[in-house]
Amino acid sequence: MDYKKYIAEKITIEGIGAEELVELIALPPNTEMGDYALPCFKFAKLLRKSPVMIAEDLKNAFVTDEVIGEVSAVNGYVNFKINKSDFVASTLKRILSEKEAYGSSNEGEGKTICIDYSSINIAKPFHIGHLSTTVLGGALYRILSFLGYKTVGINHLGDYGTQFGKLISAYKRWGVKDEIEKGGIRALNELYVRFHQEAENHPEYDDEARAYFKKIEQGDEECQALFKWFKELTLKDVQKIYDLLDIRFDSYAGESFFSDKMQPIVDELKEKGLLQESRGAQVVDLEEYSMTPCMILKSDGSSLYATRDMAAATYRKKEYDFYKCLYVVAYQQNLHFKQFFKVLELMGKDWAKDLVHVAYGMVSLEEGTMSTRKGNVVFLEDVINKCIEKAYTIIDEKNPDLENKKDVAKKVGVGAVIFGALYNSKIKDIVFSYDKVLTFDGETSVYVQYTCARANSVLMKGGAPETFEVPELTASEIELTKALANFPETVKDAAEKYEPSYIARFAVDVAQKFNKFYIDCKILSVEDEKTRNFRLALTNATCQTLKNAFGLLGIGIPEKM
Ligand code: ARG
């Protein structure tokens, strides 16, 4: 039930449409006054009357019914009280009948959204900096799918550039096959670091590396095979993390995939007179748009990150005919995205407006919590494992007899990492703290998981009814139901703003309201059968809604904790 719309449609003010009214209707800070309120100050000029009089007139004209039971006019506001019993009944019925589909919709039907996320670099550590793009992208993938969009998850691999020539050179000089095979990304990274150290005294290594990179490009069999192997090792390694975080992709077409798809872009830029020479390089001037030039080709004719991204965007449009193409990438790359989006627009691609840079802030670790390996790299895998270990210790302390402690610790630990990255507005920089993300009584995923487990244990004892009658209601029951009713709107907003944090905050709000209800109202021990049954149904609906919300974030909920 969309109450704002319902109320707006029952009000007539000449010269003001129902849509405008919907926008104006607000939630009063105190529900004693009403559940919704329409401020009348804006109408004073139009109607040539005082807001107080307008509110009074609107109140008198409003016909109450079974949905809106009470209207009052106070200080220029019209306050509306909804019929609580009806509202509670319809909300819970909806949740209990829609179940895992509660909150979903088909608004995205027939539209495809590409999501470029995680987009790791081959042979480079998958570090804490990749956490946000991975879990934000994963959440957006699920949220948009939940709203009926066809989603294409793309891991735009960083698998192009002279660094792969360096890696081949380093491997051939110092690499041991078995060690690399076993060591995966870490071993590859060590080779890479060693190359840089040694190349300082051996500049000829750099020339060799460039030659190897050229060989990869020219299709040299041995070099291609090594490059492919590095790629496989990297992907095998990160797959462990993707499995933990429940992340998947539909495409791994990375930068090298576009190495033969850039010429048409360069040709078109030339044809349209957009290319300029600048110190031997080919660039698109963007001074008019207050940006530095976008580099398209280096002086030696090789392509750049932006060139490959332009080829990729063009390819995605052709391949998927996207409605939107999202890039979940840190704000440090703001300029890069603004530049190549602009260049595509200047080329006359009308779909350039559908490219969206979903920028997010930096994640760093609280100082001193983990020794950083060589040059400040903190491997994400280590962070996740440490969180799982810590979760295990806490659970073992609190509930030593719990079955499946390992599984529970995994859900709690992984959940804490994901939630820690998703709870704040995405653009904020965050400092990750193990202790903070694992507190039971904060705004954390464990708090929500623990609440759910508590609710679950009530349902195990009392049953989980799907039908009920509404008894005399208490304030905490109404507040909890109101929170649950916000879910569909929250999912929609989260999708519109690319902000999974809305869902994370929603879950905490519901959990807090459930706990208040749990303290205020007896459930199992209440005598009246109708009340007991209703409270169990409300508990059931809470569990379902929290499961749906956490599912969208990629966080599991243990049955028991
Ligand atoms: N691999 C890049 C990095 O780690 C991110 C790629 C983002 N996607 C893109 N289409 N540019 O910085």
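Within every chain, residues take consecutive numbers counted from 1 along the sequence as written. Where totals are concerned, whole chains, interfaces and linings use all residues; where local detail is concerned, this predicted model gives features only for residues with pLDDT of at least 70, and gives and counts side-chain atom pairs only at 80 or more. To get the side-chain values, take all heavy atoms of the structure and skip hydrogens and water.

1. A few points about the overall build of the chain
Scanning the chain from N- to C-terminus turns up 21 helices and twelve strands. Its C-alpha atoms give the chain principal-axis dimensions of about 85 × 65 × 40 Å. A 1.4 Å probe rolled over the protein chains alone gives each residue an accessible area, and that area as a share of the maximum for its type sets the label: buried under 20%, exposed over 50%, partly exposed in between. Counting every position in the chain, which comprises 561 residues, the buried fraction comes to 53%. A separation of at least 24 residues holds for 73% of the contacts in the chain among residues at least 6 apart in sequence. The accessible surface values rely on the Shrake-Rupley method and a 1.4 Å probe; as for residues, cover is taken only from the protein chains in view. Here the chain has roughly 26700 Å² of accessible surface; of this, 47% comes from carbon and sulfur atoms. Helix and strand assignments come from DSSP, with helices taken as H or I runs of at least 4 residues and strands as E runs of at least 2, each series counted from the N terminus. In what follows, residue pairs with any heavy atoms lying within 4.5 Å of each other are defined as contacts.

2. A look at the side chain of Lys342
Its location among the elements puts Lys342 in helix H13 (residues 334-346). What Lys342 contacts, discounting residues up to four positions off in sequence, is Leu286, Tyr289 and Met291.

3. Some details on unusual backbone geometry
In this model, Asn75 sits at a positive phi of 50°, which is unusual for a non-glycine residue. Tracing the chain through its elements places Asn75 in the loop between strand E2 (68-74) and strand E3 (77-82). Since its relative accessible area comes to 61%, Asn75 is described here as exposed. Even without being a glycine, Ser119 presents a positive backbone phi close to 30°.

4. Regarding empty space enclosed by the protein
For each structure, a 1 Å grid was placed over the protein atoms alone; sets of points admitting a 1.4 Å probe that cannot get out are labelled cavities, open sets with protein on both sides within 12 Å along at least five of seven lines are labelled pockets, and lining residues have an atom within 4 Å of a point. Grid points are joined across faces, edges and corners, and a volume is the space filled by probe spheres set on the points. Going through the model one piece at a time under the given rule, you end up with two cavities of 30 Å³ or more. What the second largest cavity holds in volume is close to 50 Å³. Along its surface, the second largest cavity is lined by Ser132, Tyr360, Gly361, Met362, Val363, Ala421, Asn424, Ser425, Lys426, Lys428 and Ile430. Looking at side-chain class alone, the lining of the second largest cavity contains five nonpolar, four polar and two charged residues. Side-chain classes follow a simple rule in which Ala, Val, Leu, Ile, Met, Phe, Trp, Tyr, Cys and Pro form the nonpolar group, Asp, Glu, Lys and Arg form the charged group, and the remainder, Gly included, forms the polar group.

5. A short note on the site of the ligand
Here a residue is near a molecule or strand as soon as one of its heavy atoms is found within 4 Å of it. Close to the ligand lie Asp116, Ser119, Asn121, His156, Tyr305, Asp309, Tyr327, Val329, Gln333 and Phe337, which account for all nearby residues. In the analysis that follows, any N or O atom pair within 3.5 Å is treated as a polar contact, provided that within protein one partner can donate a hydrogen and the other can accept it, and provided that, for residues neighboring in sequence, both atoms belong to side chains. Contacts to the ligand include Asn121, whose side-chain N or O atom sits 2.7 Å from a nitrogen atom. When the free accessible area of the ligand is taken as 350 Å², the share hidden by the protein chains comes to 87%. Elements that contribute at least two residues to the shell around the ligand include exactly helix H12 (305-320) and strand E9 (324-330). Its residues assigned to classes, the shell around the ligand comprises four nonpolar, four polar and two charged.

6. Points about helix H9 (residues 203-218)
An α-helix turns once per 3.6 residues; consequently, residues spaced three or four apart project the same way. When the terminal C-alpha atoms of H9 are compared, their 24 Å separation across 16 residues agrees well with the 22 Å that a helix rising 1.5 Å per residue should span. Of all the residues in H9, the buried ones are Tyr205, Ala209, Tyr212, Phe213 and Ile216. One side of H9 carries all its buried residues, which in axial view fall inside an arc of 100°. Residues Pro203, Lys214 and Gln218 are exposed on H9 and point more than 90 degrees away from its buried face. Close packing links the buried residues of H9 with helix H7 (162-174), helix H8 (177-199) and helix H10 (221-245). Looking one or two residues beyond H9, the residue adopting positive phi is Gly219, at roughly 85°. Helices are assigned an expected span. That span is 1.5 Å times one less than the residue count. Note: the arc covers the axis-to-C-beta directions of the helix.

7. Comments concerning the packing of helix H6 (residues 131-146) against helix H15 (residues 405-422)
Only the stretch in contact is used when a helix axis is fitted, and all axes are lines through C-alpha atoms; the angle between N-to-C directions ranges over 0 to 180 degrees. Contact geometry of H6 with H15 gives a least axis separation of 9 Å together with a crossing angle of 90°. With respect to H15, the axis of H6 lies roughly perpendicular. Across the interface between the two elements, Leu131, Ser132, Val135, Leu136 and Ala139 from H6 touch Val417, Ile418, Ala421 and Leu422 from H15. Among the residues making up the contact of H6 with H15, the classes are represented as eight nonpolar, one polar and no charged. Should an angle lie under 35 degrees it is considered roughly parallel, over 145 roughly antiparallel, and from 65 to 115 roughly perpendicular; all remaining angles are considered oblique.

8. Points about the pairing of E9
Along E9, seven of the seven residues are buried, which leaves the element largely enclosed by surrounding structure. Each pair of strands is called paired provided DSSP finds at least two bridges between the two strands. Across four bridges, strand E4 (residues 112-116) lies against E9 in parallel orientation. Note that in E9 the partner of Ile113 across the bridge is Lys324. In terms of strand pairing, E9 meets strand E10 (residues 355-360) through six bridges, oriented parallel. Within the sheet, the bridge partner assigned to Val328 lies in E10 and is Val358. For the handedness criterion, the strands are oriented away from the viewer, and a crossover whose path from the first strand over the helix to the second runs clockwise is classed as right-handed. Regarding the hand of the β-α-β motif, the stretch spanning E9, H13 and E10 is right-handed.

9. Some points on the confidence of the model for the chain
For residues with low pLDDT, the predicted coordinates do not support detailed interpretation. Residue-level confidence of the predictor is what pLDDT reports, using numbers from 0 through 100. Taken over all residues, the pLDDT of the chain has a mean of 94, while the share at 70 or more is 98%. The model gives residues 369-374 a pLDDT under 50, and that stretch makes 13 contacts with residues more than four places away or in other chains.

10. A few points about the packing of aromatic side chains
Centre-to-centre distance and the angle between the planes together describe a pair of aromatic rings. Aromatic rings from Phe, Tyr and Trp, taking only the six-membered ring of Trp, are treated as a pair when their centres fall within 6.5 Å; an angle between ring planes under 30 degrees marks them as stacked, one over 60 as edge-to-face, and anything in between as tilted. Evaluation of the coordinates by the stated rule reveals 36 aromatic pairs. Seen from their ring centres, Trp229 and Phe230 are 5.9 Å apart, and the 35° between their planes marks the pair as tilted. The same class applies to Trp229 and to Phe230, which are both buried. When the centroid spacing of 6.0 Å and the interplanar angle of 90° are considered together, the rings of Phe322 and Trp351 count as edge-to-face. Linking Phe322 in the loop between H12 and E9 with Trp351 in the loop between H13 and E10, this pair joins segments that are 29 residues apart in sequence. Taken together through their ring pairs, the aromatic side chains of Tyr117, Phe126, Tyr141, Tyr242, Phe249 and Tyr252 make up a single cluster. Positioned above the aromatic ring of Phe379 is the side chain of Arg186, whose terminal nitrogen or guanidinium carbon lies 4.2 Å from the ring centre. As a reminder, the over-ring test applies to NZ of lysine and CZ of arginine, requiring each to be within 6 Å of the ring centre and within 35 degrees of the ring normal. The ring of Tyr323 carries the charged tip of Lys324 above its face, separated from the ring centre by 4.7 Å.

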